[in-house]
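Close look at the chain arrangement
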Amino acid sequence: MLSSTLILGLVLGGSYALVAVGMTLQYGIARIMNLAYGEFIILAAFATYLLFGSLGISPIVALLIIPVIAFGLGVALFQVMMRPLVTRAGGSGRLEVDSILATFGLLFVLQGVMLLAFGGNYTSYGFLDQGVNVLGTTLAANRLLAFALSIGLAGGLFALLQFSRWGLALRAVALAPGSAALVGLNMRRIAALGFGLGTALAAAGGVTVSMFQTFSAHDGVLFTMKALVIVIMGGVGNVLGALVSGLLLGLMETAVARWVDPGLTLAATYILFLAVLLWRPEGLFGKAAGR
Amino acid sequence: MSILDISGVTKRFGGLAAVSDLSFSVKHGEIVALLGPNGSGKTTMINMISGALVPSNGQIRFQGDDIAGRAPDRIARAGIARTFQLVRILPSLSLIENVVVPAAFGRRRLWGDEALRHAASCLDRVGLKARCDLRAADLTYIDQKRLELARALSAEPQLLLLDEWLAGLNPAELQEGIALIRSLTHDGISILMVEHIMEAVRALCPRTVVMAAGRKIADGPTADVLSQPEVIAAYLGEAAHA
Amino acid sequence: MRQLLPFYALLGLAGLAPLWLGDYGAGLLLGMTSAAILATAWAMFSGPTRYVSLATVAFYGIGAYVVAALAESQPWPVVLLAAAGCGGLVALVVGLSTLRLAGIYFVIFSFGLAELIRQLLTWYEVNVTGTLGRYIFTEFQPRDLLWQLLVLLAVTLTLSVWIHRSRLGLALRVIGDDETVAAHAGINLARSKLTLFVISSVLISLTGAIQSPRWVYIEPSIVFNPTVSFTAVIMALLGGANRIWGPILGAVPLYLAFEFLSAHFPDHFSILLGLLFILVVFALPNGVLAALERLRLRKGAGV
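For clarity, every value in this text was computed on a predicted model and none was experimentally measured. (Residues numbered from 1 in each chain as written. Chains lettered and ligands numbered in written order. Predicted model: local features only at pLDDT ≥ 70, side-chain atom pairs only at ≥ 80, totals over all residues.)

All right, on to the sheet that holds strand β10 (residues 215–221) of chain B then. All names here are of chain B. One open sheet holds the six strands; their spatial order is β6-β7-β8-β3-β9-β10, and the pairing between them is mixed. This sheet does not close on itself; its edge strands, each paired only once, are β6 (80–82) and β10. The average angle at which neighbouring strand axes cross in this sheet is 15°, direction not considered. Pairing of strand β3 (residues 31–35) with strand β9 (residues 207–212), which is carried by four bridges, proceeds in the parallel orientation. (Pairing = 2+ DSSP bridges. Helix = DSSP H or I, 4+ residues; strand = E, 2+ residues; numbered from the N terminus. Axes fitted to C-alpha atoms, helices over the stretch in contact; angles between N-to-C directions.)

Put into structure tokens, the structure is as follows:
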């Protein structure tokens, strides 16, 4: 029981981690609090479903295609929709409020489009659903694959941010947006890049989630909510913090669903969120980000 | 009898001590300069007195009460007012509203006509009364500084903290500013001022405390302190390079 | 308060309207009144502080559920008091845990609050009471509810004017401009924000309570519909969240527009709503009233 909960929890947490890393990049680098973030996850899930169902393209291949398209979409969205808000705010706190409002509107638009196209019912597709034995627990192969892909992607990104020149630039902006421009970084390009990267990660998360979970057009808000909680837990802009917190949240949700009630997982997420707010509002790993 | 007693105050950010084991006091009605090179911890000290930062260690006694770590609004109501290094006005409020605020939430909790009269007299003192209905955002930099001082005065503080309030003024404005601060001491307000302009320090402050790298390196009559070799090395040496 | 007298008279007239409008008209007027209260109550807190609350429907739904639970056993005034109390209590808990922190924490918390309460209620109904839905039977005609809502709107506006002129109103405007300055001027940030958030939430809960008999049958997904939060924000923004009359000015035309859109384009409603919202954020960030004022100023300067 314990080991199976642990494994299922880690698998779920892997997807959460991937998704939360994307959001922490968007907020940390582009300074956009994106309330429509979860809609991009669900859009990618539907896209995977379409590619697989009608064209027979494997979700693994979709994982190569969809995030690339999402990256372009994210950059375009930033340039068209967010850029004017950034310019208008001129570095003041107003950007936060404006971006929350604008993406709140976007949430309704995207959700409406998906409801129109796919209806409100739960969707899923059968992909690699034979069982695999992992340490005595039988696990669907798709879950295992999704986990490996999520951790691979998120870990790879973390390494990229940590060890590449390009990653250094992104981290500099996340830590000190005011002074990054002083050392010759092109803030406009980096912000768009960060936003696009976040969107791509949301899409990657959507593809992997769709491999093992049912989803509906209404689910975006839930994903956004969970990603937000993970980002706060990990410390805003802290990629490693988001990774660890995502895994933690997955574990906790699975445990609550197993031992308490599956209907109370969001409540558990909220209790965790409250605990973090009251105990360490700067995030569980907040100090590490500051150094 | 001192109004402010700082003893053994330390502030650490992560592993770095911005202020370490600092002690000094300000007497009733005294005007003291707090000097030091950039990054020596002056503003951090001001922030701890006003409650913006919580000291890691030590005591800050104001009129006998230890206020270290109290919320800034409680400290403000206790009778300490401040200005900010980078001027902070309330841009969407009118000048008179800016100045009414500390009166309305201060010890006397003035409101209505009484608060308006009080605020107008504070604006008058800094020479802004004629423009009291203007929006604060429309003021020039210098006038914003004036407004900030009027706002601090409106709280009727016993202790006023000025963080480089004279910075950025032209020579004529500087003379005006010095006269203005001097007039405050006649009302019995004690002042602790962080200042880089030596001319102002010499003119206004009989006593000076000098910090370097978070520590106190000198404390005494201004002329004596400014001629001490370690002060010249730490502070004026840097200025000579600049 | 003299400036409100014509408005009270107008509300009185609206109260007479059901005599010749019939039930459909009364229903429309009722919905509009409720929208006006929600937008005004939202703006009361979020306008000056710029803490965007996305939790309007959480309190609205709480009000409705209190009615569903108590309406049969308790007299109506007791039911309303309980609704106000529950809404206020939840607001107190939410506010105490988030309003000490930066605004973003509050927004995030409010974003998921309605969903959280909806899930908890669903869980409770399924596991404890055993049924998902509840019926609300009262003897109220639409016009009775309209009258109650009109009174609530009058109360809301009076409060709004009073707060605007009070110390609390000034405190919130200062907080909206610069929290650091506010604290250093002696303003207790957490208490000021909390007070207003609770007042605003109580008004919203009462609106939900009074309007709930219109549904007859309710379940969590009906009364915790996120569209309510969404429309309250957009109405207040359109008119101007920092003006006393702004939210009402936004609520009346938008309510009619939404009625029309949801009747004629039910499938596209959410898309249209979202687009309209984005348009308002981009084109009229401070609301119609502020835009008109600027236009007038510019014209005045040109002459």
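Still more to cover.
Attention now moves to the interface of chain B and chain C. The partner chain C presents 16 residues to the 19 residues of chain B that form the contact. Secondary structure elements with two or more residues in the side of chain B that touches chain C: α2 (72–78) and α3 (95–105) of chain B. Across the side of chain B that touches chain C, the residue classes break down as 12 nonpolar, three polar and four charged. (Contact = placed C-beta atoms within 7 Å. Nonpolar A, V, L, I, M, F, W, Y, C, P; charged D, E, K, R; others polar.)

Looking now at the interface of chain A and chain C. The interface is formed by 34 residues belonging to chain A together with 30 residues belonging to chain C. Of all the elements in the fold, those that place two or more residues in the side of chain A that touches chain C are α4 (94–118), α9 (220–234) and α11 (265–279) of chain A. Counting residues per element, the side of chain A that touches chain C draws most heavily on α4 of chain A, at 16 residues. By residue class, the composition of the side of chain A that touches chain C is 27 nonpolar, four polar and three charged.

Spacing of three or four residues puts side chains on the same side of an α-helix, whose turn is 3.6 residues. The first and last C-alpha atoms of helix α1 (residues 5–16) of chain C sit 17 Å apart over 12 residues, in line with the 16 Å expected at 1.5 Å per residue. The buried fraction of α1 of chain C amounts to one of the 12 residues, a small share that puts the element mostly on the outside. (Expected span 1.5 Å × (residues − 1). Buried ≥ 20, exposed ≤ 12 C-beta atoms within 10 Å, placed from the backbone.)

This next bit is on the domain arrangement of chain B. Interface size is often expressed as the accessible area that is lost when the parts come together. All names here are of chain B. Domain assignment breaks chain B into domain 1 (2–79 + 157–241) and domain 2 (89–156). Once you take the C-alpha centre of each, domain 1 and domain 2 turn out to be 24 Å apart. With 10 residues of domain 1 at the interface, the matching set in domain 2 holds 10 residues. Within the residue set of the side of domain 1 that touches domain 2, elements represented by two or more residues are α2 and α6 (171–186). Taken together, the residues of the side of domain 1 that touches domain 2 sort by class into six nonpolar, two polar and two charged. (Domains from an automatic or database assignment.)

What follows covers the environment of Trp 165 of chain B. Residues and elements named next belong to chain B. Within the element layout of this structure, Trp 165 appears in the loop between β7 (159–163) and α6. Overall, the presence of 27 C-beta atoms within 10 Å leaves Trp 165 in the buried class. In this structure Trp 165 touches Thr 83, Lys 145 and Leu 149, once residues within four positions along its chain are discounted.

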